[in-house]
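Now for the letters of each chain:
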Amino acid sequence: MSDDKEKNGFDTDAVRAGIRRSAEGEHAEAIFATSSFVCENAAEAAARFSGEKPGNIYSRFTNPTVRAFEERLAALEAGERCVATSSGMSAILATCMGLLKSGDHIVSSRSIFGSTVLLFNNYLGKFGIQTSYVPLTDYVAWDKAIQPNTKLLFLETPSNPLMEIADVRRLADIAHKHNTLLVVDNVFCTPALLQPLKLGADLVVHSATKYLDGQGRAVGGAVVGNAELVGNHVYGFLRTCGPSMSPFNAWIFLKGLETLRLRMHAHSANALAIAQWLEQQPAIKRVYYPGLASHPQHDLAKRQHAGFGGVVSFEVSDKDAAWKLIDATRLFSITANLGDTKSTITHPATTTHTRITPEQRAAAGIVDGLVRLSVGLEDVDDLKRDLARGL
Ligand SMILES: *Cc1c(COP(=O)(O)O)cnc(C)c1O
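Residues numbered from 1 in each chain as written. Predicted model: local features only at pLDDT ≥ 70, side-chain atom pairs only at ≥ 80, totals over all residues. Heavy atoms only, no water.

Peer 1: I'd like to hear about the site of the ligand, residue by residue, with values.
Peer 2: Around the ligand, the surrounding shell consists of Ser87, Gly88, Met89, Phe113, Glu156, Asp185, Val187, Phe188, Ser207, Thr209, Lys210 and Gly220. In the environment of the ligand, an oxygen atom lies 2.7 Å from a nitrogen or oxygen atom belonging to the side chain of Thr209. Out of a free accessible area of 380 Å², the ligand has 91% covered by protein chains. Applying the majority rule of atoms within 2 Å of the grid points places the ligand in the second largest pocket. Residues belonging to the shell around the ligand are distributed by class as follows: four nonpolar, five polar and three charged. (Near = heavy atom within 4 Å. Polar contact = N/O pair within 3.5 Å; in protein donor to acceptor, adjacent residues only side chain to side chain. Areas by Shrake-Rupley, 256 points an atom, 1.4 Å probe, with all protein chains shown as cover. 1 Å grid on protein atoms, 1.4 Å probe; cavity = no way out; pocket = protein on both sides within 12 Å on 5 of 7 lines; lining within 4 Å. Sits in = over half its atoms within 2 Å of the grid points. Nonpolar A, V, L, I, M, F, W, Y, C, P; charged D, E, K, R; others polar.)

Peer 1: Tell me what's going on with the pattern of salt bridges, and back it up with residues and numbers.
Peer 2: A complete count under the given rule lists 15 salt bridges for this structure. A salt bridge links Arg72 to Glu29, with the nearest nitrogen and oxygen atoms 2.7 Å apart. Of the two residues, Arg72 sits in helix H3 (residues 64–77) while Glu29 sits in the loop between helix H1 (10–16) and helix H2 (42–50), which places them 43 residues apart along the sequence. For Arg72, a relative accessible area of 0% gives the class buried. A relative accessible area of 11% places Glu29 in the buried class. Among the ionic pairs, Glu29 bridges to Lys255, the shortest N-O distance being 2.9 Å. Here Glu29, found in the loop between H1 and H2, pairs with Lys255, found in helix H10 (residues 247–258); they are 226 residues apart in sequence, far enough to count as distant. (Salt bridge = Lys/Arg side-chain N within 4 Å of Asp/Glu carboxyl O. Helix = DSSP H or I, 4+ residues; strand = E, 2+ residues; numbered from the N terminus. Buried < 20%, exposed > 50% of the residue type's maximum accessible area, 1.4 Å probe, protein only.)

Peer 1: Run through the side chain of His347, naming residues and quoting values.
Peer 2: Looking at the element boundaries, His347 is found in the loop between strand E11 (344–346) and helix H14 (358–363). Judged by its relative accessible area of 3%, His347 is buried. A polar side-chain atom of His347 sits 2.9 Å from a polar atom in the side chain of Trp323.

Peer 1: Now, about the sheet that holds strand E8 (residues 286–288): what can you tell me, with residues and values included?
Peer 2: Judged by pairing direction, the sheet is mixed, and its five strands sit side by side in the order E8-E9-E12-E11-E10 without closing on themselves. Across the chains shown, the open sheet's two edge strands, defined by having one partner strand only, are E8 and strand E10 (333–334). Lying on the sheet, helix H11 (residues 260–279) is in contact with E8, strand E9 (311–315) and strand E12 (370–374); it crosses E9 at an angle near 10 degrees. (Pairing = 2+ DSSP bridges. Contact = heavy atoms within 4.5 Å. Axes fitted to C-alpha atoms, helices over the stretch in contact; angles between N-to-C directions.)

Peer 1: I'd like to hear about the packing of aromatic side chains, residue by residue, with values.
Peer 2: On inspection of all chains with the given rule, the structure shows four aromatic pairs. With centroids separated by 5.7 Å and ring planes inclined at 75 degrees, the aromatic side chains of Tyr58 and Phe61 adopt a geometry described as edge-to-face. Judged by its relative accessible area of 35%, Tyr58 is partly exposed. You can call Phe61 buried: its relative accessible area is 17%. (Phe/Tyr/Trp six-rings, centres within 6.5 Å; stacked < 30°, edge-to-face > 60°.)

Peer 1: Explain the domain arrangement of the protein chain residue by residue, including any values.
Peer 2: Once the domains are mapped, the protein chain shows domain 1 (10–258) and domain 2 (260–388). Domain 1 and domain 2 are separated by 26 Å when their C-alpha centres are compared. In this complex, domain 1 contributes 40 residues to the contact, which on the side of domain 2 involves 40 residues. For domain 1, the biggest contributors to the area lost against domain 2 are Leu162, Leu193 and Tyr211; these three give 24% of the whole. On inspection of domain 1 and its partner domain 2, the count reaches one salt bridge. Between Asp11 and Arg261 there is a salt bridge, and its shortest N-O distance comes to 2.8 Å. Inspection of the domain 1/domain 2 interface yields 15 residue pairs in polar contact (both at pLDDT 80 or more). (Domains from an automatic or database assignment. Buried area = accessible area lost by both parts, 1.4 Å probe.)

Peer 1: Just give me the short version of the layout of surface pockets, but keep the residues and values in it.
Peer 2: Taken as a whole, the second largest pocket encloses approximately 340 Å³ of empty space. In this structure, the second largest pocket is lined by 26 residues; those nearest its centre are Met89, Phe113, Ser115, Ser207 and Lys210. If you list the elements that add at least two residues to the lining of the second largest pocket, you get helix H4 (88–99), helix H5 (114–124) and strand E6 (203–207). Among the domains, domain 1 (10–258) and domain 2 (260–388) are the pair contributing at least three residues each to the lining of the second largest pocket. (Points joined across faces, edges and corners; volume = space filled by probe spheres on them.)

Peer 1: A description of the side chain of Glu26 should follow, citing residues and the corresponding values.
Peer 2: Looking at where Glu26 falls in the secondary structure, it is placed in the loop between H1 and H2. Despite its burial, Glu26 pairs with no opposite charge, the nearest such side chain being Arg21 at 6.0 Å. One polar contact links Glu26 to Ser22, side chain to side chain, over a distance of 2.7 Å. Sequence-distant contacts of Glu26, defined by excluding residues within four places in its chain, comprise Arg20 and Arg21. (Lys, Arg positive; Asp, Glu negative; His and termini not counted.)

Peer 1: I'd like a rundown of the packing of H11 against helix H15 (residues 380–388), residues and numbers included.
Peer 2: Between H11 and H15, the least distance of the axes is 10 Å, while the angle of their chain directions is 35 degrees. Considering the relative orientation of H11 and H15, their crossing is right-handed. Between H11, through Asn270, Ala273, Ile274, Trp277 and Leu278, and H15, the contact on the second element is made entirely by Val380, Leu383, Lys384, Leu387 and Ala388. Residues belonging to the contact of H11 with H15 are distributed by class as follows: eight nonpolar, one polar and one charged. (Left-handed = near helix turned anticlockwise from the far one by under 90°.)

Put into structure tokens, the structure is as follows:
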């Protein structure tokens, strides 16, 4: 991007960034459903392979529809470069494989997505990369856990499922003081509510499966950051090892990004209304939502975020009460997915967090009575009535 180019606002980028029309002049983005690309002659093929001449070669390397999605998301996250991946997990895998080597160390928030814990412990662990876990908001613990071989700090904010909020700028300062990188999984907020790179984070990872699509249609992911980290290290792994995004899915995510901010604000408004209502129900012990004044990081959330997001967790007495509530709903979908227009309801202890040990669950505060909602875009009154059935 040249310096004199005027920067568009978020909503303009959401609709238009990354568009490069073909000679046909299509208005919507085209889907380039092709595995490979044709060259004019042998010299051109050689020039493309050597990198002398830009151009597509093979869709594991680059694809125009995927590139449009990458450029649009990079603009929204205020990052130099984005690479798209086949899933959120492969975005985290590509980040680790691209940046780490045997003997390196990760410091991670203990409250992260279950599969990310398994990736760190079971797979990176096999190759001599160790991970230490700390409470998300204990900044002294983060600082102390960093070792000379620590390469990455990794977190989600808000955490899943308890919705704790991290001070991203403070953690970026801690990371940089020790010469390490801060990686933020921005699935819950999306750039519509939080832009971690602007707060000093080095990399953002996404599961596009959630709010970026927003309508539960496809699995995908992305890594965003500066050109060196993303363009060389992360992309190098992807190009060679192959968990790249399909052009069909990239097209779906392009459409999702167009309405991202509108949807995130609507999700946030609905979730706040549900959280406030849940807080008044006698059967509910506790509600976790950063938009509530009772939330321990409410002030930080107000300062740092453009909205509080669509996920609300709450505690009922025990597992039986949680299951009874879940089974009584007719509108909420019982599924572990989140970030959909359709509201979903989950029992984390027996689904998303069942494969981590009971000790890890206890440390992360995931009690048996915990229920997680991903509040969709239905009428709030209908959602309240649905929850009231099981309370
Ligand atoms: C879903 C999710 C992931 C993994 O993404 P997939 O697209 O399912 O591979 C990672 N982090 C968070 C916070 C998620 O919710």
